[in-house]
Amino acid sequence: KEESHEEEPSDEIEEKYKWDLTEYFKDLNEWDKTFEEIKPQYEKLKTYNGKFGDDKTLKEFLDLEQKLDIITGKLAVYISLKVKEDATVQKYKDRENRLSKYFDDIAPSLAFVTTQLNEISDERLKKLAQNPNFSDYDISLLDIIKGKPHILSEAEEKLLAQVSECIGGAGEVFDMYDSIDVKFDDVKDSNGKTYPLNN
């Protein structure tokens, strides 16, 4: 059975060789606070269901989605790198699992986004891409046109979102096994000094 602990990764590593993640969050308390703060905003995304017909409302949705994507990216990168520092530190694994589960749970209720964006006519998408108010999204709007032949129905998108946790599970199990359980022989440098080898 895998051994877990709450301590920080080994202090044998010099600080200059460690990631400085304070640009993301100063500590786990700030990470926790930010995670809780984005949840009501993701709930707000659901309220845009069926409302993409109005340009102003669509812009509000895209702005909020972009803002949340940036924050969520920071949350994911920070906690992922913390786990990679030492995959046996339970408090990091717990938060990574919590973040993953939250998005697995909420994904089906946001499946409408892809479908309804693709229901916007090509003519309107091109017009929006030329609108200065949508300049941050011009490439994304034009990409919707290119991707239309490959989009699933809303029911299919929802089903895919529901099984995402199962699909990703095997990869997560391998990552944990590869980080913790796979052991390599020690190696020697040109001076005959022995070092432990890991990923």
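Bear in mind the structure is a predicted one, so any value in this text is a computation, not a measurement. (Residues numbered from 1 in each chain as written. Predicted model: local features only at pLDDT ≥ 70, side-chain atom pairs only at ≥ 80, totals over all residues. Heavy atoms only, no water.)

Colleague: How do you make sense of helix H1 (residues 28–46) when you look at a structure like this?
Modeller: Taking 1.5 Å as the rise per residue, H1 with 19 residues should run 27 Å; its terminal C-alpha atoms sit 28 Å apart, in good agreement. Taken residue by residue, H1 has Leu28, Trp31, Asp32, Thr34, Phe35, Ile38, Tyr42 and Leu45 as its buried positions. For H1, the elements touching its buried residues are helix H2 (55–85), helix H3 (90–106) and helix H4 (112–118). (Helix = DSSP H or I, 4+ residues; strand = E, 2+ residues; numbered from the N terminus. Expected span 1.5 Å × (residues − 1). Buried < 20%, exposed > 50% of the residue type's maximum accessible area, 1.4 Å probe, protein only. Contact = heavy atoms within 4.5 Å.)

Colleague: Is there a simple way to think about the packing of H1 against H2 in this case?
Modeller: Packed helices, taken two at a time, are described by the angle between their axes plus the distance between the axes. At a minimum axis separation of 10 Å, H1 and H2 run at an interaxial angle of 150°. By the angle between their axes, H1 is roughly antiparallel relative to H2. For H1 against H2, the interelement crossing comes out left-handed. Residues Leu28, Trp31, Thr34, Phe35, Ile38, Gln41, Tyr42, Lys44 and Leu45 of H1 touch H2, and the partners they reach there are Phe61, Leu64, Glu65, Lys67, Leu68, Asp69, Ile71, Thr72, Leu75, Tyr78 and Ile79. (Axes fitted to C-alpha atoms, helices over the stretch in contact; angles between N-to-C directions. Parallel < 35°, antiparallel > 145°, perpendicular 65-115°, else oblique. Left-handed = near helix turned anticlockwise from the far one by under 90°.)

Colleague: Where do I start with the pattern of salt bridges in this structure?
Modeller: One pass over the full model with this rule turns up 11 salt bridges. The partner of aspartate 105 in a salt bridge is lysine 101, with the nearest N and O atoms 2.7 Å apart. Of this pair, aspartate 105 and lysine 101 both sit in helix H3, four residues apart, roughly one helical turn. Note that lysine 148 is salt-bridged to aspartate 122, the shortest N-O span being 2.7 Å. Taken together, the residues span a long stretch of sequence, with lysine 148 in the loop between helix H6 (138–147) and helix H7 (154–162) and aspartate 122 in helix H5 (residues 122–130) at a distance of 26 residues. Accessibility expressed as a relative area gives 24% for lysine 148, which makes it partly exposed. (Salt bridge = Lys/Arg side-chain N within 4 Å of Asp/Glu carboxyl O.)

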